[in-house]
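Each chain is listed here by its residues.
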Amino acid sequence: MAVKDALRFPPTDVTPIFDLFRGNFATELLAASVAHLHVFDVLNERPLSFDELQSRLALSERATQVLVTGLCAMQLLTRRLNGGIDLTPLARNHLVSTSQFSVGGYISLAAQSAGTLALVERLKSDRPEGAESAQGAAFIFREGSESAMDREDSARFLTLSLAGRAWNVAPRFADVLPAGQPGKVLKDNSGSSGRVLLDVAGGSGIYTMAVLQKHPTWRGIIFDRPEVLKTAAELADETGVRDRLVFHAGDMWADPFPPADDILLSNVLHDWDRPQCARLVAKATSGLPEGGRLLIHDVLLNSDLTGPLEIALYSLALFSLTEGRAYSLAEYRGWIAGADLRYVDCIPTAAHGHLILSEKV
C-alpha cells in the first residue's frame, strides 16, 4: 500500500470553500436579530454596555458575545471606545423598524426558516445542537452526557469529516512548527531522541502524523475516545507512522495525560467556554517538563472581538454545535499566563488557523 503523504500541500487554497460553507450563519443571525431579538430597535433607544445589552436580550454572556461579534463583523454594530455598543448608520437607516428605509420586513422573510429558528433556540438556551436529544451532542464529553463520538458509526463519520480539513491544513502546521530541543520524555539507546507529541482530543491524528513524517525520530500519542481512535489507527497505517504512535483512550477531563514533551490542542479549545478552556490549558501543561511546549492550534478573532467576518461566522457555527466559540489571541494568552507558561509566538497556518506556541520555564 502506498504511503499517504500528510506533508503534501494542497494545489489550491481551500479557505474560500470553508467561508462559503459557513455563510448561512450570516442570514440566520441577521434574521434572528431583526425578527426575534429586535436588537436594532433596542439599540436605537440608546447605546448600551455589553452587560446592559445582555440583560435586555435575556441571553447568556457567550450567546451575547457571538451575536455582538457577528453583527460588528457585518458592520451593523460598533463598539465605542468607552465599551458601549451602538448602531452603525447602515443599521440605523435600514434595520430599525421605524425608519422609512427599513428592510426589516424583507429580512424577516427568513424569520421562520429552520436554520433561523434553530439559531434562536441555541442563543436563548445557550446549549449546543443535540444537547437535549437522546443521541447527544457530537462534541460534548461531559460526564453524564451522551456523545456521538462514543458510537461507532457516528464517531467514524465525524472523525473522517473533520479529517478533510486536517489533510489541507496539516502540511502547513508541520512546516511552521519549530523543531525544538531534543526530547526529555523518551530517550533511545544513544541517549537522545526526538520529542514526544501528545495530541489531546486528536481525532483523526493527521496533524501529529504530518509532524511524525517530517521528524523521523519523534513519537506521538493520540488521546481520544475509543471509537475515534479506531479511525485514527487506520489513518496511521495509511501514513506509515503507526510504529511511532500510541493510541491512548481516555476522557480528557477525568483521566491523566501521558507524559510528553509537547502537548497539542488543535481545534479543541474552541469547543468549550472560557472556564473550561482555562482548566484544560492548566491540566495539559501541569505535567510538562522544563522546556516542554503547549501547542494551541485554532482560529482567532481580533482583539476587540469585532471580526473578521469569516471567523465571526465560524464562531456562530461553533456556538451552535459546541459549548464554545472562537477566541482572540489575548484570550488564549490569558489562559497561557494563568498556567505559568511563557508565550513564544503566534504563527499563521492555513484556513484561518494559527499555531500559538508557549513554553514551560
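Going by the annotation in an unreviewed UniProt entry, the name recorded for the protein is Multifunctional cyclase-dehydratase-3-O-methyl transferase TcmN, with Planctopirus ephydatiae given as the source organism.

Caption draft 1: Structural context of the side chain of Ser358. One can find Ser358 in strand E10 (residues 353-360). Residue classification places Ser358 among the buried positions, given a relative accessible area of 1%. If we skip the residues at most four places from it in the chain, Ser358 touches Gly292, Arg293, Leu294, Ile336, Leu341, Arg342, Tyr343 and Val344.

Caption draft 2: Structural context of empty space enclosed by the protein. A complete count under the given rule lists 2 cavities of 30 Å³ or more for this structure. In this structure, the largest cavity encloses a volume near 80 Å³. The wall of the largest cavity is formed by 13 residues, among which Arg165, Asn267, Val299, Ala350 and Ala351 lie closest to the centre. Those elements that place two or more of their residues in the lining of the largest cavity are helix H9 (152-176) and strand E7 (293-301). Examining the composition of the lining of the largest cavity, we find that 3 residues originate from one element, E7, more than from any other. Broken down by class, the residue content of the lining of the largest cavity amounts to 7 nonpolar, 3 polar and 3 charged.

Caption draft 3: Structural context of the packing of helix H2 (residues 24-36) against helix H13 (residues 309-321). Remark: H2 packs on H13, axes separated minimally by 9 Å, with the N-to-C direction vectors making an angle of 75°. If you check the angle between H2 and H13, you find them roughly perpendicular. Contacts between H2 and H13 involve Phe25, Ala26 and Leu29 from the first element and Leu313, Leu316, Ala317 and Ser320 from the second. Residues belonging to the contact of H2 with H13 are distributed by class as follows: 6 nonpolar, 1 polar and no charged.

Caption draft 4: Quick peek at unusual backbone geometry. In this structure, Pro308 follows Gly307 across a cis peptide bond, with omega equal to 0°. Unlike most non-glycine residues, Ala58 shows phi in positive territory, near 60°. Within the element layout of this structure, Ala58 appears in the loop between helix H4 (50-57) and helix H5 (61-73). Using a relative accessible area of 59% as the deciding quantity, one classes Ala58 as exposed. The phi angle at Ala201 is positive, at roughly 55°, despite the residue not being glycine. Inspection of the secondary structure assignment puts Ala201 in the loop between strand E3 (196-200) and helix H10 (206-214). Using a relative accessible area of 23% as the deciding quantity, one classes Ala201 as partly exposed.

Caption draft 5: Up close: the pairing of strand E9 (residues 341-348). Note: E9 against E10, 7 bridges, orientation antiparallel. Along E10, the bridge assignment pairs Arg342 with Glu359. Count of turn residues in the E9/E10 antiparallel hairpin: 4 residues, of which Ala351 carries a positive phi of about 50°.

Caption draft 6: Geometry of helix H11 (residues 226-239). Between its terminal C-alpha atoms H11 stretches 20 Å, which fits the 20 Å expected from 14 residues at 1.5 Å a residue. Contacts from the buried residues of H11 go to H9, H10, strand E4 (219-224) and strand E5 (245-249). Gly240 sits one or two positions beyond H11 and adopts a positive phi of about 75°.

Caption draft 7: Expanded view of the UniProt feature "domain: O-methyltransferase dimerisation" (unreviewed entry) in the protein. Sites flagged by UniProt as "domain: O-methyltransferase dimerisation" (unreviewed entry) map to residues 33-97. Span residues 33-97 is 58% helix and 9% strand, its end C-alpha atoms 12 Å apart.

Caption draft 8: Local environment of the packing of aromatic side chains. Following the criterion strictly, the structure yields 6 aromatic pairs and no others. Centre to centre, the rings of Tyr327 and Tyr332 are 6.0 Å apart; their planes meet at 80°, and the pair counts as edge-to-face. For the residue pair Tyr327 and Tyr332, the accessibility class agrees, reading buried in each case. Judged by centre distance (5.0 Å) and plane angle (85°), the rings of Tyr327 and Trp335 are edge-to-face. The residue whose ring lies beneath Lys283 is Phe257, and the NZ or CZ to ring-centre distance is 4.4 Å. Positioned above the aromatic ring of Tyr343, the side-chain terminus of Arg333 is 3.7 Å from the ring centre.

Caption draft 9: Representation of the pattern of salt bridges in the model. This structure, assessed with the given rule, holds 15 salt bridges. The partner of Asp86 in a salt bridge is Arg80, and the shortest N-O contact between them spans 2.9 Å. Using a relative accessible area of 43% as the deciding quantity, one classes Arg80 as partly exposed. The closest approach of N and O atoms between Arg92 and Asp86, which form a salt bridge, is 3.0 Å. Judged by relative accessible area, which is 8%, Asp86 ranks as buried. Each of Arg80, Asp86 and Arg92 takes part in a single network of salt bridges with overlapping partners.

Basis of the calculations
- Residues numbered from 1 in each chain as written.
- Predicted model: local features only at pLDDT ≥ 70, side-chain atom pairs only at ≥ 80, totals over all residues.
- Heavy atoms only, no water.
- Helix = DSSP H or I, 4+ residues; strand = E, 2+ residues; numbered from the N terminus.
- Buried < 20%, exposed > 50% of the residue type's maximum accessible area, 1.4 Å probe, protein only.
- Contact = heavy atoms within 4.5 Å.
- 1 Å grid on protein atoms, 1.4 Å probe; cavity = no way out; pocket = protein on both sides within 12 Å on 5 of 7 lines; lining within 4 Å.
- Points joined across faces, edges and corners; volume = space filled by probe spheres on them.
- Nonpolar A, V, L, I, M, F, W, Y, C, P; charged D, E, K, R; others polar.
- Axes fitted to C-alpha atoms, helices over the stretch in contact; angles between N-to-C directions.
- Parallel < 35°, antiparallel > 145°, perpendicular 65-115°, else oblique.
- Pairing = 2+ DSSP bridges.
- Expected span 1.5 Å × (residues − 1).
- UniProt positions renumbered as here; feature names shortened; annotations may be inferred.
- Phe/Tyr/Trp six-rings, centres within 6.5 Å; stacked < 30°, edge-to-face > 60°.
- Lys NZ or Arg CZ within 6 Å of the ring centre and 35° of its normal.
- Salt bridge = Lys/Arg side-chain N within 4 Å of Asp/Glu carboxyl O.

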